[in-house]
Amino acid sequence: MATSEKSVMLVAVDDSEHSFYALDWTLDHFFTPFAPNSPHKLVVVHAKPTPASAIGLAGPGAADLLPYVDADLKKIAARVVEKTKEICNAKLVNDVILEVVEGDARNVLCETVEKHHATLLVVGSHGYGAIKRTVLGSVSDYCAHHAHCSVMIVKRPKIKH
């Protein structure tokens, strides 16, 4: 099978355990059983917020904070990339495209789906309640309605006490 014939699976990662669980789950179900001849091409994307959106404030002094916030966001992105590589390597999935794209996660994911002609977008679920989801907005909800491909939301199993 030629590389161009492989369907593209796009997995979104941020610095949460939910997203790494989704990556792990996707590798276990769609890549590891077929390694190294998976029928899918794997693209992993991390949406790095802009410094201005991360601090969410304006006014005197805000501009002075931007370089520090940007440095932190770059460190987080580097940590996400490193952990993603570790997870992929542990599952013997070496054929992966890793991208860090600056911007709002909702837009970044939908645009990356278009760019790679992905057939499936995989996102983790943070498990927010209705109120928190309404206030913060759910990236998975947005993508389910706006991405031009199927969207799979991977939820971590509830821990039984």
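Model, not experiment: these values are computed from the prediction.

### Remarks on the sheet that holds strand β2 (residues 40–48)
Picture the strands of a sheet paired through backbone hydrogen bonds; they go either parallel or antiparallel.
Here is step 1: Strands sit in the order β3-β2-β1-β4-β5 across an open sheet of five strands; the sheet is parallel. Sheet topology places β3 (96–102) and β5 (150–154) at the edges, where each strand pairs with a single neighbour. Each adjacent strand pair in this sheet contributes to an overall mean axis angle of 25°, direction not counted.
Here is step 2: Relative to β2, strand β1 (residues 7–12) runs parallel, the two sharing six bridges. Directly across from Ala 12, in β2, lies its bridge partner Val 45.

### Some remarks on the confidence of the model for the protein chain
Here is step 1: Of all residues in the protein chain, 88% have pLDDT values of 70 or greater, and the mean over the chain is 87.
Here is step 2: Highest mean pLDDT in the protein chain belongs to helix α4 (residues 105–116) (97); lowest belongs to helix α5 (residues 130–136) (56).

### Structural notes on the pattern of salt bridges
Here is step 1: Evaluation of the coordinates by the stated rule reveals eight salt bridges.
Here is step 2: In this structure, Lys 91 and Asp 24 form a salt bridge, with 3.4 Å as the shortest nitrogen-oxygen distance. Residue Lys 91 is found in the loop between α3 (62–90) and β3, and its partner Asp 24 is found in helix α1 (residues 17–31); the two are separated by 67 residues along the sequence.
Here is step 3: Where salt bridges share partners, they join Lys 48, Asp 70, Lys 74 and Glu 102 into one cluster.

### Structural notes on α3
Here is step 1: With 29 residues, α3 should reach 42 Å at 1.5 Å per residue; the first-to-last C-alpha distance of 41 Å fits that figure.
Here is step 2: Where α3 bends most, at Tyr 68, the angle is about 25°.
Here is step 3: When we look at burial in α3, the residues that qualify are Ala 62, Val 69, Asp 70, Leu 73, Ala 77, Val 80, Val 81, Thr 84, Ile 87 and Cys 88.
Here is step 4: On its buried side, α3 packs onto α1, β2, α2 (51–55) and β3.
Here is step 5: The positive-phi residue at the C-terminal boundary of α3 is Leu 92, with phi of around 60°.

### Observations concerning the pairing of β2
Here is step 1: A large share of β2 lies buried, amounting to eight of its nine residues.
Here is step 2: In terms of handedness, the path from β1 via α1 over to β2 forms a crossover that is right-handed.
Here is step 3: Of the pairings in the sheet, the one linking β2 to β3 comprises seven bridges and is parallel in character. Along β3, the bridge assignment pairs Ala 47 with Val 101.

### A few points about unusual backbone geometry
Here is step 1: Within the chain, Leu 92 stands out as a residue other than glycine whose phi angle is a positive 60°.
Here is step 2: Mapped onto the fold, Leu 92 is located in the loop between α3 and β3.
Here is step 3: Among the residues examined, Leu 92 registers a relative accessible area of 61% and is labelled exposed.
Here is step 4: Of note, the phi angle at His 117 is positive, near 50°, even though the residue is not glycine.
Here is step 5: Turning to its location among the elements, His 117 is positioned in the loop between α4 and β4 (120–124).

### Here we look at the packing of α4 against helix α6 (residues 139–146)
Two quantities define a packed helix pair, namely the angle between the axes and the distance from one axis to the other.
Here is step 1: Taken N-terminus to C-terminus, the directions of α4 and α6 make an angle of 35°; their axes are 9 Å apart at the nearest point. The crossing of α4 and α6 is right-handed. Of α6, the residues touching α4 (which contributes Ala 105, Arg 106, Asn 107, Leu 109 and Cys 110) are Val 139, Tyr 142, Cys 143 and His 146.
Here is step 2: Tallied by class, residues from the contact of α4 with α6 come to six nonpolar, two polar and one charged.

Calculation notes
- Numbers given for residues are sequential positions, taken from 1 along each chain in its written order.
- Note on the predicted model: pLDDT of at least 70 is required for a residue's local features to be given, and 80 or more for side-chain atom pairs to be given and counted; whole-chain, interface and lining totals, by contrast, use all residues.
- The basis for the side-chain values is all heavy atoms of the structure; hydrogens and waters are excluded.
- Here a strand pair is declared whenever DSSP counts at least two bridges between the two strands.
- Secondary structure counts use DSSP, requiring at least four H or I residues in a row for a helix and at least two E residues in a row for a strand, with both numbered from the N terminus.
- Axis lines are fitted to C-alpha atoms, over the contacting stretch for helices. Their N-to-C directions set the angle, which ranges from 0 to 180 degrees.
- pLDDT is defined as a per-residue confidence score from the predictor, taking values between 0 and 100.
- Here a salt bridge means any side-chain nitrogen of Lys or Arg lying within 4 Å of a carboxyl oxygen belonging to Asp or Glu.
- Multiply 1.5 Å by the residue count of a helix minus one, and that product is the helix's expected span.
- Note on bend: the value at a residue is the angle between axes fitted to the seven residues ending there and to the seven starting there.
- Under the scheme applied here, a residue whose accessible area is under 20% of the maximum for its type counts as buried, over 50% as exposed, and between as partly exposed, the area being computed with a 1.4 Å probe on protein chains only.
- What makes two residues a contact is simply this: any of their non-hydrogen atoms within 4.5 Å.
- A crossover gets the label right-handed when its path from the first strand over the helix to the second runs clockwise, viewed with the strands pointing away from the viewer.
- Crossing handedness follows the turn of the near helix against the far one: under a right angle anticlockwise gives a left-handed crossing, and clockwise gives a right-handed one.
- Under the scheme applied here, ten amino acids are nonpolar (Ala, Val, Leu, Ile, Met, Phe, Trp, Tyr, Cys and Pro), four are charged (Asp, Glu, Lys and Arg), and all others, including Gly, are polar.

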